[in-house]
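Notes for the structure review
Okay, here's what each chain looks like letter by letter:
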Amino acid sequence: LRRLAGFADAVDISSEGGIMDANTQRSWVSVYYEMKRLLYEEIDYMKEIQNCDRFRTNFDQPKFAHIRAPNTYHEYTTDKVLTMEYCPGIKITDVEKIQEVGLNPVDVSKKSAESFLEQLCRHGFFHCDPHPGNVAVEKLPNGEAGLIFYDFGSKCDMCGTLYWTMIYLPLLPDRFATSDGRIWPRGAQGSSRLFLCNVL
């Protein structure tokens with residue numbers, strides 16, 4: 001794959017008449033190294049168990065009692081074996097089964113959206129692989145819908161300028177004044193960083 005990426009960079013597959021257009025211009029060797037890094041990170045069970053514990057801790061509040069991740073067993077986990085609680089559930093896309101157990105698919109959708117907004121906007125740490133095999137639905141003892149998240153090998157941990165810029169930039173007016181009285185349009189280069197430096 002490394003050789004193939006080098007070949008793709010050498011022949012410029014985004015050139016006119018190539019198999020991809022100009023919007024795909026990138027260093028394919030860089031893509032290769034990033035994918036290699038992510039792949040080995042995703043199969044690191046010691047990191048995955050830490051990610052699962054962090055995710056569970058982030059949602060350990062009464063208002064999120066409907067969201068859970070399997071309990072983990074560190075004493076039985078190694079770099080080759082990951083030991084977690086068995087948490088059966090209904091695949092989140094199986095609408096018929098969800099309705100059969102008396103749950104409302106709209107409520108499930110709402111709770112799913114809220115869980116990801118919470119991860120993205122409050123935690124800055126979110127599950128990056130939320131396909132239907134990694135999110136299940138269960139009927140809680142109170143009759144409400146609960147969500148179970150699995151597989152924490154792929155996660156994103158946003159921090160610093162990226163996180164705060166993503167959260168606050170959409171809230172900025174089209175123009176705003178910095179602390180020294182200068183007026184910046186929202187789209188100005190570096191304006192988000194200046195704004196964040198002033199408010200933080």
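Since we're looking at a predicted model, the values are computed, not measured. (Residues numbered from 1 in each chain as written. Predicted model: local features only at pLDDT ≥ 70, side-chain atom pairs only at ≥ 80, totals over all residues. Heavy atoms only, no water.)

Side note on the overall build of the chain
Our working definition: Note on conventions: DSSP H or I runs of at least 4 residues are helices, E runs of at least 2 residues are strands, and numbering of each starts at the N terminus. Residue-level accessible areas treat just the shown protein chains as cover; the underlying method is Shrake-Rupley with a 1.4 Å probe.
Scanning the chain from terminus to terminus reveals seven helices and eight strands. Accessible area of the chain: about 12900 Å², with a carbon and sulfur share of 56%.

Looking at the pairing of strand β5 (residues 145-149)
In plain terms, the rule: Throughout this description, buried means an accessible area under 20% of the type-specific maximum (1.4 Å probe, protein chains only), exposed means over 50%, and partly exposed covers the range between. Strand pairing is assigned whenever DSSP identifies at least 2 bridges connecting the two strands.
Among the five residues in β5, five count as buried, and that is most of the element. Across the two faces of β5 the burial is the same, with A145, L147 and F149 and G146 and I148 all buried. As judged from the five bridges shared by strand β4 (residues 135-139) and β5, these two strands associate in the antiparallel manner. Bridge pairing links A136 to I148 in β5. Where β4 folds back onto β5 in an antiparallel hairpin, the turn is made up of five residues, including G143, whose phi is positive at roughly 90°.

Some words on the packing of aromatic side chains
So the rule is basically this: Classification of ring pairs uses Phe, Tyr and Trp, with its six-membered ring standing for Trp, and accepts pairs whose centres are within 6.5 Å; under 30 degrees between planes counts as stacked, over 60 as edge-to-face, and the remaining range as tilted.
As enumerated under the stated definition, the model contains five aromatic pairs in all. Arranged with centres 5.0 Å apart and planes meeting at 50°, the rings of F55 and F152 form a pair that is tilted. Taken together, the residues F55 in helix α3 (residues 45-58) and F152 in the loop between β5 and β6 (155-157) connect sequence positions 97 residues apart. The exposure class assigned to F55 is buried, which follows from its relative accessible area of 2%.

Describing the sheet that holds β4
Put simply, the rule is: Contacts are assigned to residue pairs with any non-hydrogen atoms lying within 4.5 Å of each other. Angles shown run from 0 to 180 degrees and are taken between the N-to-C directions of axes, each axis being a line fitted to C-alpha atoms and, for helices, limited to the stretch in contact.
With mixed pairing, four strands are arranged side by side in an open sheet as β1-β5-β4-β2. Either end of the sheet is taken by a strand with one partner, and the two such strands are β1 (67-68) and β2 (90-91). Those strands touched by helix α5 (residues 105-123) are β1, β4 and β5, and its axis lies near 45° from that of β5.

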